[in-house]
Amino acid sequence: MEQPALLSIVRTDTRYRFRLDLPDGPVPTGQEYSTDLNGETRERLRRFLQSATQSMHSLAAMEMKRQTAKLGAVNDSLLTLGRFLFESLLPAPLQEAVRRLDSTLIISTNTPDIPWELMFDASTKPGRYLCHTLSIGRLLHSTNRERDTQLRSSMPERPTRKIGRRETQGLTILFLVNPTGERSSAEEEVASLCTTLPESVSRMILYRQQANQLEMRMRVNAEMPQVLHYAGPLPL
């Protein structure tokens, strides 16, 4: 079973620390790199994140027949943000390593507000978003590197992503919330998230005891959600 690569991104004040661990290969991995952001760079990041968020919200709020006219502006904002993340924040040695990846990538980070999956590599022809070429998962960053490695090793291998024609139906999200009942903050997180989602997004929510394998499989088979959002303690 092939293990995924692990990209660790940790923000401390104005510094971002990056580390890429590959499951195997001749190239030494595990070296840590850092990027320091000055005031101007932090402001650019804030503006790019805000622009991308506003563009997505405005697109979702529009009628379907009028959305085509706004797709260009949304694509521009996402492209600008993606290039900035890849070219200005991700250190050059890791840019080259990420280009060569052909396995699943797990991003372990304490920056849930930054969509690292949208990093855009403009040096390839055509340019590409990271999430369009790799299967990507996320972990809440842990200071225990051994535990992160064990979690990564326990994840099943995923088939290579095939990009096909986009589904015509609306977006559906399945929420698995606080299955052990230990994290009331997880329920608050999902409640807050649901209030910000546009009405066009369908929600399926399984709380506490409902968030079990049987219920999840029944919902997945019946509704075919495009997004699965888990909010709760890290699975052991």
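Relevant structure appears above.
Quantities reported herein were computed from a predicted structural model and do not represent experimental measurements.

Participant: So what's going on with unusual backbone geometry? Which residues, and what values?
Facilitator: Here the bond from Lys125 into Pro126 is cis, since omega is -5 degrees, no more than 30 degrees from zero. Tracing the backbone through its elements, the reader meets Pro126 in the loop between β5 (120-121) and β6 (128-129). Here the phi dihedral of Asn178 falls at roughly 45 degrees; this positive angle occurs in a residue that is not glycine.

Participant: I'd love a proper account of the side chain of Thr35, names of residues and values included.
Facilitator: Tracing the chain through its elements places Thr35 in strand β3 (residues 32-36). Within the structure, Thr35 has its side chain in polar contact with the backbone oxygen of Leu89 (distance 2.7 Å). With residues near it in sequence (within four places) discarded, Thr35 still touches Thr14, Arg15, Tyr16, Phe18, Ser88, Leu89 and Pro91.

Participant: Any chance you could break down helix α3 (residues 92-99) for me, citing the residues and the numbers?
Facilitator: For α3, the set of buried residues is Leu94, Gln95, Ala97 and Val98. Across the axial projection of α3, the buried residues extend over an arc of 165 degrees, all falling on one side.

Participant: Tell me about helix α7 (residues 213-223), and name the residues and values.
Facilitator: Where α7 starts, the residue carrying a side-chain oxygen 3.2 Å from the main-chain nitrogen of Leu214 turns out to be Asn212. Just downstream of α7, Met224 is the residue with a positive phi angle, here 55 degrees.

Participant: I'd like to hear about the pattern of salt bridges, residue by residue, with values.
Facilitator: For the coordinates displayed, the defined rule picks out 11 salt bridges. For Glu43, the salt bridge is made with Arg46, and the minimal N-O distance between the two is 2.7 Å. Within this pair, Glu43 and its partner Arg46 are both found in helix α1 (residues 39-61), separated by 3 residues, close to a single helical turn. Under the relative-accessibility criterion, Glu43 is labelled partly exposed at 32%. Among the salt bridges present, the one from Arg83 reaches Glu87, with a minimum N-O distance of 3.0 Å. Placement of the pair is Arg83 and Glu87 together in helix α2 (residues 67-89), with a separation of 4 residues, close to one helical turn. Among the residues examined, Arg83 registers a relative accessible area of 36% and is labelled partly exposed. By relative accessible area, Glu87 is classed as partly exposed at 39%. One salt-bridge network, held together by shared partners, links Glu96, Arg99, Arg100 and Asp121.

How each quantity is defined
Residue numbers run consecutively from 1 along every chain, following the written order of its sequence. A pLDDT threshold of at least 70 governs which residues receive local features in this predicted model, and a stricter bar of 80 or more applies before side-chain atom pairs are shown or counted, although totals over entire chains, interfaces and linings include all residues. The basis for every side-chain value is the complete set of non-hydrogen atoms in the structure, without hydrogens or water. Counting from the N terminus, the helices are the DSSP runs of H or I reaching at least four residues and the strands are the DSSP runs of E reaching at least two. Polar contact criterion, stated in full: a pair of N or O atoms within 3.5 Å, where within protein one must be able to donate a hydrogen and the other to accept it, and residues adjacent in sequence count only if both atoms are side-chain atoms. We call two residues in contact when some of their heavy atoms are within 4.5 Å. Between buried and exposed lies partly exposed: a residue is buried under 20% and exposed over 50% of the maximum accessible area for its type, with that area taken using a 1.4 Å probe on protein chains only. By arc we mean the arc of the directions from the helix axis to the C-beta atoms, nothing more. For this document, the term salt bridge refers to a Lys or Arg side-chain nitrogen within 4 Å of an Asp or Glu carboxyl oxygen.

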